[in-house]
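Here is what each chain is made of, one letter per residue.
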Amino acid sequence: MLTKLIHNPALMDKYTGASSIPVYHGSTYHQDLADTAVRWTYSRIGNPTRQALEDTIAELEEGVRGFAFASGMAAIAAVFTLLGQGDHIILPYDLYGGTYHLMTTMVERFGLSASFVDMTNLTAVENALTPRTRALYIETPSNPLMKITDIRGIVQIAQHHRLLTIADNTFMSPYLQRPLTLGCDIVIHSATKFLGGHSDVVAGLVVVKDPQLGDRIAQIQKDWGGILGPEDSWLVIRGIKTLGVRMDRAQQNAQYLTRWLKSQPQIKQVYYPGLPGHDGTALHHSQALGPGCVFSLRFQDPNYWKTFVNRLHYALYAVSLGGVETIVSHPATMSHASLTEEERRQQGITDDLLRVSMGIESLNDLLADFQQALEG
């Protein structure tokens with residue numbers, strides 16, 4: 001995969017041999033009257049820089065077609081647009097806050113229905129099925145408690161009932177997990193995160209494994225117009241080239257830091273599939289190639305999280321994740337702020353919970369920084 005991240009459809013410009021795909025800024029394209037198969041017409045419909053990214057993510061996820069959108073939420077919204085009035089979808093109850101808010105809004109405005117269940121419990125998923133169910137949606141690991149869903153088990157349920165299986169693969173990236181190869185129909189990424197990798201671009205990607213499903217997404221992308229621009233497409237292409245080395249380094253940091261944190265008396269709990277005893281670790285390693293770079297933690301003193309954050313030197317306190325820098329987030333007031341207090345409580349998102357996205361800084365520097373922040 002390390003080689004494939006570089007030697008992919010975006011490796012070079014086929015017209016000049018340049019080692020970087022050009023940023024094609026044109027909004028419209030001259031059309032030859034004699035050409036009966038015009039490739040480029042208007043950049044909302046297709047752009048060469050965006051196409052290079054779309055072809056690349058399709059190849060990396062082992063799908064047949066990829067699509068680039070203006071954000072991860074735009075990508076998710078486009079996929080939800082596959083549903084029609086009266087359709088039912090099952091999603092995890094511990095869903096990313098933005099997706100949860102979008103889905104509940106669509107339920108209210110567009111006549112959809114949704115059930116939010118524990119997707120780690122296949123029996124609960126089966127029990128939530130209705131005659132109008134059309135899709136199952138999963139995040140694994142989940143955000144922010146890192147719960148692990150059995151992808152093959154979900155796919156088996158979906159295929160038995162002729163449902164779509166949609167997987168948000170943002171936390172793992174295709175470097176560590178490829179849901180389409182496990183039977184899912186659609187994979188979604190917030191490419192803002194690990195794929196872009198430098199906290200300098202906002203983007204979303206969708207990959208499908210069925211050509212007809214690809215045609216439907218293509219029409220939605222064309223009609224709704226939430227496309228990714230050429231400059232941002234180029235930034236994601238550039239980020240993908242170093243995805244493997246960044247993930248390897250950040251994952252090594254996460255594995256060491258989580259083991260160390262778990263042994264500290266100030267820490268109540270660490271959520272990370274790379275730790276022995278984490279619920280679902282064995283399942284995760286049966287469907288992914290590593291535990292990833294994101295973990296969450298709680299403190300023995302529920303009020304200490306602010307002091308901890310304020311004392312850190314080598315971390316951004318910010319929304320988002322997947323950058324080269326370590327990013328610490330507070331889900332209750334950031335990623336899941338759109339949920340009510342009761343909804344957060346039901347998901348287990350307490351005020352003392354922090355989510356950490358490990359960067360690629362020196363492990364010694366990070367360890368020393370976390371240690372001084374804990375000791376107060």
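Our subject is the structure that appears above.
Cut-offs applied
Residues numbered from 1 in each chain as written. Predicted model: local features only at pLDDT ≥ 70, side-chain atom pairs only at ≥ 80, totals over all residues. Heavy atoms only, no water. Helix = DSSP H or I, 4+ residues; strand = E, 2+ residues; numbered from the N terminus. Rg over C-alpha atoms; globule rule 2.2 N^0.38 Å. Buried < 20%, exposed > 50% of the residue type's maximum accessible area, 1.4 Å probe, protein only. Contact = heavy atoms within 4.5 Å. Areas by Shrake-Rupley, 256 points an atom, 1.4 Å probe, with all protein chains shown as cover. Lys, Arg positive; Asp, Glu negative; His and termini not counted. Charge placed at Lys NZ, Arg CZ, Asp CG, Glu CD. Pairing = 2+ DSSP bridges. Axes fitted to C-alpha atoms, helices over the stretch in contact; angles between N-to-C directions. Left-handed = near helix turned anticlockwise from the far one by under 90°. Nonpolar A, V, L, I, M, F, W, Y, C, P; charged D, E, K, R; others polar. Phe/Tyr/Trp six-rings, centres within 6.5 Å; stacked < 30°, edge-to-face > 60°. Lys NZ or Arg CZ within 6 Å of the ring centre and 35° of its normal. Polar contact = N/O pair within 3.5 Å; in protein donor to acceptor, adjacent residues only side chain to side chain. Expected span 1.5 Å × (residues − 1). Arc of directions from axis to C-beta.

Draft legend 1. Structural view of the overall build of the protein chain. Helix and strand counts for the protein chain stand at 13 helices and twelve strands. A compact globule built from 376 residues should have a C-alpha radius of gyration of about 21 Å, and the protein chain, at 21 Å, falls within 12% of that. Considering only C-alpha atoms, the protein chain reaches an extent of 75 × 50 × 35 Å along its principal axes. Within the protein chain, the fraction of its 376 residues that count as buried is 53%. Long-range contacts, defined here as pairs at least 24 residues apart, represent 71% of the contacts in the protein chain between residues at least 6 apart. Of the roughly 16,000 Å² of accessible surface on the protein chain, a fraction of 51% belongs to carbon and sulfur atoms. For the protein chain, the separation between the mean place of its 30 positive charges and that of its 36 negative charges on side chains is 2 Å.

Draft legend 2. Region of the structure containing the sheet that holds strand 5 (residues 164-168). Spatially, 1-7-6-5-4-2-3 is the arrangement adopted by the seven strands of the open sheet, whose pairing is mixed. Of all strands in the sheet, those with a lone pairing partner are strand 1 (65-69) and strand 3 (113-117), marking the two edges. Averaged over all pairs of adjacent strands, the angle between strand axes in this sheet comes to 20°, irrespective of strand direction. This element, helix 1 (residues 48-60), spans strand 1, strand 6 (186-190) and strand 7 (204-208) of the sheet and lies at about 130° to strand 1. Against the sheet, helix 2 (residues 72-80) makes contact with strand 1, strand 2 (88-92), strand 4 (133-139), strand 5, strand 6 and strand 7, and its axis sits at roughly 155° relative to strand 6, the strand it touches most.

Draft legend 3. The arrangement of the packing of helix 2 against helix 3 (residues 97-110) in detail. Helix 3 packs onto helix 2 with a crossing angle of 35° between their chain directions and a minimal axis gap of 11 Å. Crossing of helix 2 against helix 3: the hand is right-handed. On helix 3, the residues touching Met-73, Ile-76, Ala-77 and Phe-80 of helix 2 are Gly-98, Thr-99, Leu-102, Met-103 and Met-106. Residue composition of the contact of helix 2 with helix 3, by class: seven nonpolar, two polar and no charged.

Draft legend 4. How the structure looks around the packing of aromatic side chains. Under the criterion given, the structure shown has seven aromatic pairs. For the ring pair Phe-80 and Tyr-137, a centre distance of 5.5 Å and an interplane angle of 55° mean the geometry is tilted. You can see Phe-80 sitting in helix 2 and its partner Tyr-137 sitting in strand 4, a full 57 residues away along the chain. No difference in accessibility class separates Phe-80 from Tyr-137, as the two residues are buried. Note on Phe-308 and Phe-370: the rings are 5.6 Å apart at their centroids and 75° apart in plane angle, and the pair reads as edge-to-face. Of the two residues, Phe-308 is situated in helix 11 (residues 305-311) and Phe-370 in helix 13 (residues 363-375); the sequence distance between them amounts to 62 residues. According to the relative accessible area criterion, Phe-308 is buried, its value standing at 0%. For Phe-370, a relative accessible area of 0% puts it in the buried group. Through a chain of ring-to-ring contacts, three or more aromatic side chains come together here, namely Phe-299, Tyr-304, Phe-308 and Phe-370. If you follow Arg-39 out to its NZ or CZ, it ends over the ring of Trp-40, 3.8 Å from the centre.

Draft legend 5. Representation of the environment of Thr-104 in the model. Looking at the element boundaries, Thr-104 is found in helix 3. On the accessibility criterion, Thr-104 (27% relative accessible area) is partly exposed. Counting along the chain gives ten residues from Thr-104 to Ala-114, while the straight-line C-alpha distance between them is 7.7 Å. A distance of 3.0 Å separates a polar atom in the side chain of Thr-104 from the backbone oxygen of His-101.

Draft legend 6. A look at helix 13. Taking 1.5 Å per residue, 13 residues should reach 18 Å; helix 13 reaches 18 Å between its end C-alpha atoms and fits that length. Turning to helix 13, its buried residues number three or more, namely Leu-366, Leu-367, Asp-369, Phe-370, Ala-373 and Leu-374. Along the axis of helix 13, the buried positions cluster into a sector of 165°, meaning they face one direction only. Exposed and facing more than 90 degrees away from the buried side of helix 13 are Asn-364 and Glu-375. On its buried face, helix 13 is in contact with helix 9 (243-262), strand 8 (267-271), strand 9 (294-299), helix 11 and strand 12 (354-357). Measuring from the backbone nitrogen of Asn-364 back to the side-chain oxygen at the start of helix 13 gives 3.3 Å, which picks out Ser-362 as the cap.

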